[in-house]
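Residue-level structure breakdown
Now for the letters of each chain:
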Amino acid sequence: VSEKQTLGFQAEVKQLLQLMIHSLYSNKEIFLRELISNASDAADKLRFEAIKHGELLENDPDLKIKITYDKAARTITISDNGIGMSREEAIEHLGTIAKSGTKEFFSRLSGDQQKDAALIGQFGVGFYSAFIVADRITVETRRAGLPANEGVRWESAGEGDFSVESIAKPARGTDIILHLREGEDELLSSWKLKSIIRKYSDHISLPILMQKEEWDEDKKENVIKDEFETINQASALWARNRSEVTAEQYNEFYKHVAHDFDPPLAYTHNRVEGRSEYTQLLYIPAHAPFDLWDRNKRGGLKLYVKRVFIMDDAEQLMPVYLRFVKGVIDSADLPLNVSREILQESRDIKAMREGSTKRVLGLLEELANSDEQEQRDKYATFWKEFGQVLKEGIGEDQTNKERIAKLLRFASTHNDNDVQNVSFAEYLGRVKEGQDKIYYVAAESYAAAKNSPHLEIFRKKGVEVLLLTDRVDEWMLSFLQDFDGKELVSVAKGDLDLGKLEDEAEKKQHEETEAQYKDLIEKMKTVLIDKAKDVRVTFRLTDSPSCLVADEHELSGNLLRMLKAAGQ
Ligand code: ADP
Ligand code: MG
């Protein structure tokens, strides 16, 4: 396999490249962030493998990234001495999109540049963004541990195909050589490159090096020296003090860990001491990823042990219902050779998960209860994007159920629109004199809920009813019987007891009516014997002649429909 091979890109890659080049052009500087981010990931991977196999570090243990440029050749080169790639890996990682959900991704593209750019970000396809500024990319790489003559040169013009051939590469790691497009010469400047690095990649914990330049009086221009200098701060951002990190830097770090092109909605950064010691930097994204509902999706937290990267997507660090949280947890207690299996058993992990769960809930409470409109708007955004997922917590997290219940938001007859922004507390603040229950109706859609005949009597009496239309709602309510001592009652279930809302005169009138229709009801029961469990006179309708209700202890009509749809 030493000869040169030409291979076609996976169809999705071709589409993606087109899209990248057109929709991200106005943001083209991000190519450098993406390539630096990959170099940093490659260093993390090498460090991790080297815990067990020290020989992988060869004689070159100081991991770093070097960025050089050549004005005459019109190239920029990003070099790292990280893990590198074998021939197979180069073909696989740079020619296909490995992530699941590719189809869904493409089906969600809207043609709206801004929205699509956000999707690309979530998709984590940063390497290809280099084609925004380059019309040819050469990648020279050698995987750590392979002999020097098993290097690979991968090359592509970013159209239909790419080539691979074997080369000798004495130095481990990867060089990415960008042959700039016409008109991109502005990037061939040390000042320009440094300013992009400082802007987007300052948080990278590896040193990013560039050659020094000095003014030459004779030549009347800057000349490049052999000596390198570090451009970034080169210390792990989460290990710095909060006061030393700017909001801008927090945002850039988020984009790096979350593969997101948009800034996060909120974050929390803490050093926890005590029984277990760790640092957490947790972010809430501003929009849901396309694979939020993918059951196999792993968590979004990176686990480090004393600054050494251990693993991505450490799902044990967050409960499933907080799977949208991104960020880093750095433990001071775990051993470096920790495996996924050990993680499941670890008491330190359990403590970190509990602590981080509380932090995230605290952060959400801060947004939801803030005096500032801007923060509350953020909570509304959060709810729109992730509310349905948070609801899973009512069933999954017994310990924090009450805190989560306070964070729930619903549509309601009070607002008469489908915006979910009414909390239980707000509902209780408006209840009628004598009302000791929280009423809700669950239906398949907002229109169905709003037009439910069960609501008639409540409308007449001016009693607010929460309109529940998300798929998870009824499942959730099976874990939540009351809020603040007030029972949650479906308006569609059983004998509707309006409690003190019904006055004495009404009760008497109802009894009389029931007596009057006794015979008719008996006849109907006989006719409907196979179809209805019971037939009753009802006072909950004001306009409709009749309605179906579920027995108090039975599954509701809506839940039955859902279970049937799910094949149960
Ligand atoms: P992502 O970083 O989200 O995986 P990218 O498109 O940025 O997506 O990179 C694709 C893959 O190519 C990476 O996951 C990695 O396996 C490989 N890769 C890219 N750059 C490097 C590098 N400098 N060193 C080693 N592997 C790399
Ligand atoms: Mg990447």
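As a starting point, this report considers the structure included with it. Because the structure is a prediction, the values reported are computed rather than measured.

This part covers the overall build of the protein. Summing up its helical and strand segments, the protein has 18 helices and 20 strands in all. A burial count over the protein gives 34% of its 568 residues as buried. Considering only residue pairs separated by 6 or more positions, the protein has 69% of its internal contacts joining residues 24 or more positions apart.

Strand order in this open sheet of nine strands is 1-6-5-4-7-3-2-8-9, and the pairing throughout is mixed. The open sheet has two free edges, formed respectively by strand 1 (5-8) and strand 9 (221-230), since each of these has just one partner strand. Neighbour-to-neighbour, the strand axes of the sheet open up by a mean angle of 20 degrees, direction not taken into account. Across eight bridges, the pairing between strand 4 (residues 134-142) and strand 7 (residues 173-180) is antiparallel. Pairing of T141 across the sheet is with T174, part of strand 7. Strands in contact with helix 2 (residues 30-52) are strand 2 (65-70), strand 3 (75-80), strand 7 and strand 8 (208-216); relative to strand 3, the strand with the most contacts, it is inclined by about 20 degrees. Seen against the sheet, helix 3 (residues 87-95) touches strand 1, strand 4, strand 5 (151-156) and strand 6 (161-167) and runs at an angle of roughly 160 degrees to strand 6.

What follows covers the sheet that holds strand 13 (residues 308-311). Spatial ordering of the open sheet is given by 10-11-14-12-13, a layout of five strands whose pairing is mixed. Each edge of the open sheet is held by one strand with a lone partner, namely strand 10 (266-272) and strand 13. The mean angle between the axes of side-by-side strands here comes to 20 degrees, regardless of whether they run parallel or antiparallel. Where strand 10 lies against strand 11 (residues 278-284), seven bridges are found, and the strand directions are antiparallel. Counted as the bridge partner of R271 is T279 from strand 11.

Taken together, the buried positions of helix 3 are R87, A90 and L94. In a view along the axis of helix 3, the buried residues occupy a sector of 60 degrees, so they form one face of it. Along helix 3, the residues that are exposed and aim more than 90 degrees away from the buried face are E88 and E92. Check the buried side of helix 3 and you find it contacts strand 4, strand 5 and strand 6.

With that settled, consider the packing of helix 2 against helix 6 (residues 190-201). For the pair helix 2 and helix 6, interaxial distance at closest approach is 9 Å and the crossing angle is 65 degrees. The angle between helix 2 and helix 6 falls in the class roughly perpendicular. Helix 6 is crossed by helix 2, and the crossing has right-handed handedness. Along its contact with helix 2, which presents I30, L32, R33 and I36, the element helix 6 presents I196, I197, Y200 and S201. Across the contact of helix 2 with helix 6, the residue classes tally to six nonpolar, one polar and one charged.

Mapped onto the secondary structure, V272 falls in strand 10. Beyond its immediate stretch of four places on either side in the chain, V272 contacts E277, Y278, Q280 and G355.

Let's shift gears to the packing of helix 9 (residues 347-368) against helix 10 (residues 373-396). Packing of helix 9 against helix 10 brings their axes to within 7 Å, and their N-to-C directions diverge by 125 degrees. It follows that helix 9 is oblique to helix 10 by the angle criterion. Between helix 9 and helix 10, the contacting residues are L364, L367 and A368 on the first element and Q375, R376, K378, Y379 and F382 on the second. Here the residues of the contact of helix 9 with helix 10 sort into five nonpolar, one polar and two charged.

Ranked by internal contacts, the top residues of the largest apolar core, which has 68 residues, are V325, Y439, Y440, V441, V465 and L466. A per-element tally of this core places helix 10 first, with six residues. The residues contacting L466, other than those within four sequence positions of it, are F410, S412, V422, Y427, I438, Y439 and Y440. V13, L16, L94 and I197 belong to the second-largest nonpolar core, a separate cluster that totals 52 residues.

A separate point is the pairing of strand 6. Relative to strand 6, strand 1 runs antiparallel, the two being bridged by four bridges. When the sheet's bridge partners are listed, G8 is paired in strand 6 with D161. Two elements, strand 5 and strand 6, share six bridges in a ladder whose sense is antiparallel. From the neighbouring strand, S156 faces strand 6, where its bridge partner is F162. Counting the residues between successive antiparallel strands, the hairpin from strand 5 to strand 6 contains four residues, one of them, G158, with a positive phi of roughly 70 degrees.

For the rest of this paragraph, the subject is the environment of A168. Residue position: A168 is located in the loop between strand 6 and strand 7. Residue classification places A168 among the exposed positions, given that 10 C-beta atoms sit within 10 Å. Setting aside anything within four residues of it in sequence, one finds A168 in contact with A148, N149 and G151.

Let's shift gears to the environment of A43. With respect to the secondary-structure elements, A43 resides in helix 2. Separated by 21 residues in sequence, A43 and K64 place their C-alpha atoms 7.8 Å apart. Among all residues touching A43, those that are not within four sequence positions of it are L63, D80, G82 and L206.

Cut-off values and rules
Residues numbered from 1 in each chain as written. Chains lettered and ligands numbered in written order. Predicted model: local features only at pLDDT ≥ 70, side-chain atom pairs only at ≥ 80, totals over all residues. Helix = DSSP H or I, 4+ residues; strand = E, 2+ residues; numbered from the N terminus. Buried ≥ 20, exposed ≤ 12 C-beta atoms within 10 Å, placed from the backbone. Contact = placed C-beta atoms within 7 Å. Pairing = 2+ DSSP bridges. Axes fitted to C-alpha atoms, helices over the stretch in contact; angles between N-to-C directions. Arc of directions from axis to C-beta. Parallel < 35°, antiparallel > 145°, perpendicular 65-115°, else oblique. Left-handed = near helix turned anticlockwise from the far one by under 90°. Nonpolar A, V, L, I, M, F, W, Y, C, P; charged D, E, K, R; others polar. Core = buried A, V, L, I, M, F, W, Y, C linked by C-beta atoms within 7 Å.

Treat this as a map of the structure, not an account of what it does.
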